[in-house]
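Listed here are the chains, written in short residue letters.
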Amino acid sequence: DTEVTQTPKHLVMGMTNKKSLKCEQHMGHRAMYWYKQKAKKPPELMFVYSYEKLSINESVPSRFSPECPNSSLLNLHLHALQPEDSALYLCASSQEGGQKVTYGYTFGSGTRLTVV
Amino acid sequence: AQTVTQSQPEMSVQEAETVTLSCTYDTSESDYYLFWYKQPPSRQMILVIRQEAYKQQNATENRFSVNFQKAAKSFSLKISDSQLGDAAMYFCAWGGTSYGKLTFGQGTILTVHP
């Protein structure tokens, strides 16, 4: 298995809803990432989990809450989002944990989130 | 801090022709890795090619090759025999051994004309 699987592919939620995004990989990768991407812009890093521990939080608002239940699974819990949070949310994994990113990332196909 | 610059917001090429996408970067590290990613409208980011900074030989993957100039901190992507399926946004990215994340450029939108 050489894929990163993200569900759902599309999500529409109201500003008072609570929802979760899910990401799964079975490549034995030691680091997993959440990115937010607006149209025609590069992905913006949100969180990094290395060896199942949160290692980087790029000052993301608390309405986004990451969770790494095990080495293969990464969740992003969403609550009280704003319309400006509408974006493509990408999950990625990399082979090494720690500070190295020598082989790049394997990306999922993303969740298109719309906040109404 | 590492920075990656893609100076061409948009490029276009005729089918079967060759196009080169530019990327420059700034780093004080000596051991690092460079990547080109392709993001078609289907939105999944796909790794196109990877270059190890300590290797002088330019990486090649089929129709895709790079021109890596370490002293100039330049890492351009050449696409030969362009195909309609090459149309996408291309991101250059830098990865090191002490930051735990990739640094991306702003991207170049490539259009391929039949």
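The shown structure was predicted, so the numbers you read here are calculated from the model rather than taken from an experiment.

Enquirer: Would you mind showing me how to read the pattern of salt bridges here?
Expert: Any two side chains of opposite charge can pair, on the condition that their charged atoms come close. Under the defined criterion, the tally for this structure stands at seven salt bridges over all chains. One salt bridge connects K22(A) with E24(A), and the closest N-O pair in it is separated by 3.8 Å. For the salt bridge of D86(B) with R63(B), the shortest nitrogen-to-oxygen distance reads 2.8 Å. Separated by 23 residues along the polypeptide, D86(B) in the loop between β9 (74–79) and β10 (88–95) and R63(B) in the loop between β7 (60–61) and β8 (64–69) bring together distant segments of the chain. Put simply, R50(B), E52(B) and K55(B) are held in one network by salt bridges that share partners.

Enquirer: Explain the packing of aromatic side chains here, please?
Expert: Given two aromatic rings, their pairing is described by the distance between the two centres and the angle made by the two planes. For the structure on display, the rule yields 17 aromatic pairs over all chains. For the ring pair Y105(A) and F107(A), a centre distance of 5.6 Å and an interplane angle of 70° mean the geometry is edge-to-face. Geometrically, the ring pair formed by F35(B) and Y37(B) is tilted, given 6.3 Å between the ring centres and 40° between the ring planes. Take Y37(B): its relative accessible area is 0%, and that puts it in the buried class. An aromatic cluster of three or more residues is present, and its members are Y33(A), Y35(A), Y105(A), F107(A), F35(B), Y37(B), F91(B) and F104(B).

Enquirer: When you look at the state of the cysteines in this model, what are you seeing that I'm missing?
Expert: Where two cysteines share a covalent bond between their sulfur atoms, that bond is called a disulfide. On inspection of all chains with the given rule, the structure shows two disulfides over all chains. There is a disulfide in this structure between C23(A) and C91(A), and the S-S distance comes to 1.9 Å. Where C23(A) bonds to C91(A) through sulfur, the torsion about that S-S bond is close to -70°, and the disulfide is left-handed. Of this pair, C23(A) sits in strand β3 (residues 18–25) while C91(A) sits in strand β9 (residues 87–94); the two residues are 68 residues apart in sequence, bridging distant segments of the chain. The burial state of C23(A) is the same as that of C91(A); both residues are buried. The disulfide bridge from C23(B) ends at C92(B), spanning 2.0 Å between sulfur atoms.

Enquirer: What is the right way to read the nonpolar core from this model?
Expert: Looking at soluble globular proteins, one finds that nonpolar side chains tend to be buried together. In this structure, Y25(B), W36(B), F75(B), L77(B) and Y90(B) are the most contacted members of the largest nonpolar core, which totals 25 residues. Here this core takes four residues from β10(B), the largest share from any one element. The contacts of Y25(B), once residues within four sequence positions are left out, are T3(B), V4(B), Y32(B), L34(B), F68(B), Q69(B), K70(B), K73(B), S74(B), F75(B) and W94(B). Core analysis: the second largest hydrophobic core is formed by 22 residues, C23(A), A87(A), L113(A) and V115(A) among them.

Enquirer: Hey, could you run me through the sheet that holds strand β8 (residues 73–79) of chain A in this one?
Expert: Across a sheet, paired strands are connected by hydrogen bonds in the backbone, their directions being either parallel or antiparallel. Residues and elements named next belong to chain A. Ordered by their spatial adjacency, four strands build an open sheet running β1-β3-β8-β7, and the pairing between neighbours is antiparallel. Only two strands of the sheet have a single neighbouring strand rather than two, namely β1 (4–7) and β7 (64–70). The sheet shows a mean angle of 20° between the axes of neighbouring strands, direction not considered. Summarising the sheet, β7 and β8 pair through five bridges and their orientation is antiparallel. Each residue of the ladder has a partner; that of N70, found in β8, is L73.

Enquirer: Looking at this model, I keep getting lost on the interface of chain B and chain A. Mind explaining?
Expert: Bring the parts together and some accessible area is lost; that lost area is often taken as the interface size. Contact with chain B, which involves 23 residues of that partner, is made by 29 residues of chain A. Counting the surface lost from both chain B and chain A, the interface buries some 2,000 Å², and carbon and sulfur atoms represent 56% of this. Of all residues in chain B, the largest losses of buried area upon contact with chain A belong to R43(B), G100(B) and K101(B), amounting jointly to 30% of the total for that side. Counting the contacts that link chain B with chain A gives one salt bridge. Note that E58(A) and K101(B) form a salt bridge whose closest N and O atoms lie 2.8 Å from each other. There are eleven residue pairs in polar contact (both at pLDDT 80 or more) connecting chain B and chain A. If you list the elements that add at least two residues to the side of chain B that touches chain A, you get β5 (33–39), β6 (46–52), β10 and β11 (102–104) of chain B. Residue composition of the side of chain B that touches chain A, grouped by class: eleven nonpolar, nine polar and three charged.

Criteria and cut-off values
Residues numbered from 1 in each chain as written. Chains lettered and ligands numbered in written order. Predicted model: local features only at pLDDT ≥ 70, side-chain atom pairs only at ≥ 80, totals over all residues. Heavy atoms only, no water. Salt bridge = Lys/Arg side-chain N within 4 Å of Asp/Glu carboxyl O. Helix = DSSP H or I, 4+ residues; strand = E, 2+ residues; numbered from the N terminus. Phe/Tyr/Trp six-rings, centres within 6.5 Å; stacked < 30°, edge-to-face > 60°. Buried < 20%, exposed > 50% of the residue type's maximum accessible area, 1.4 Å probe, protein only. Disulfide = S-S within 2.5 Å. Core = buried A, V, L, I, M, F, W, Y, C linked by side-chain atoms within 4.5 Å. Contact = heavy atoms within 4.5 Å. Pairing = 2+ DSSP bridges. Axes fitted to C-alpha atoms, helices over the stretch in contact; angles between N-to-C directions. Buried area = accessible area lost by both parts, 1.4 Å probe. Polar contact = N/O pair within 3.5 Å; in protein donor to acceptor, adjacent residues only side chain to side chain. Nonpolar A, V, L, I, M, F, W, Y, C, P; charged D, E, K, R; others polar.

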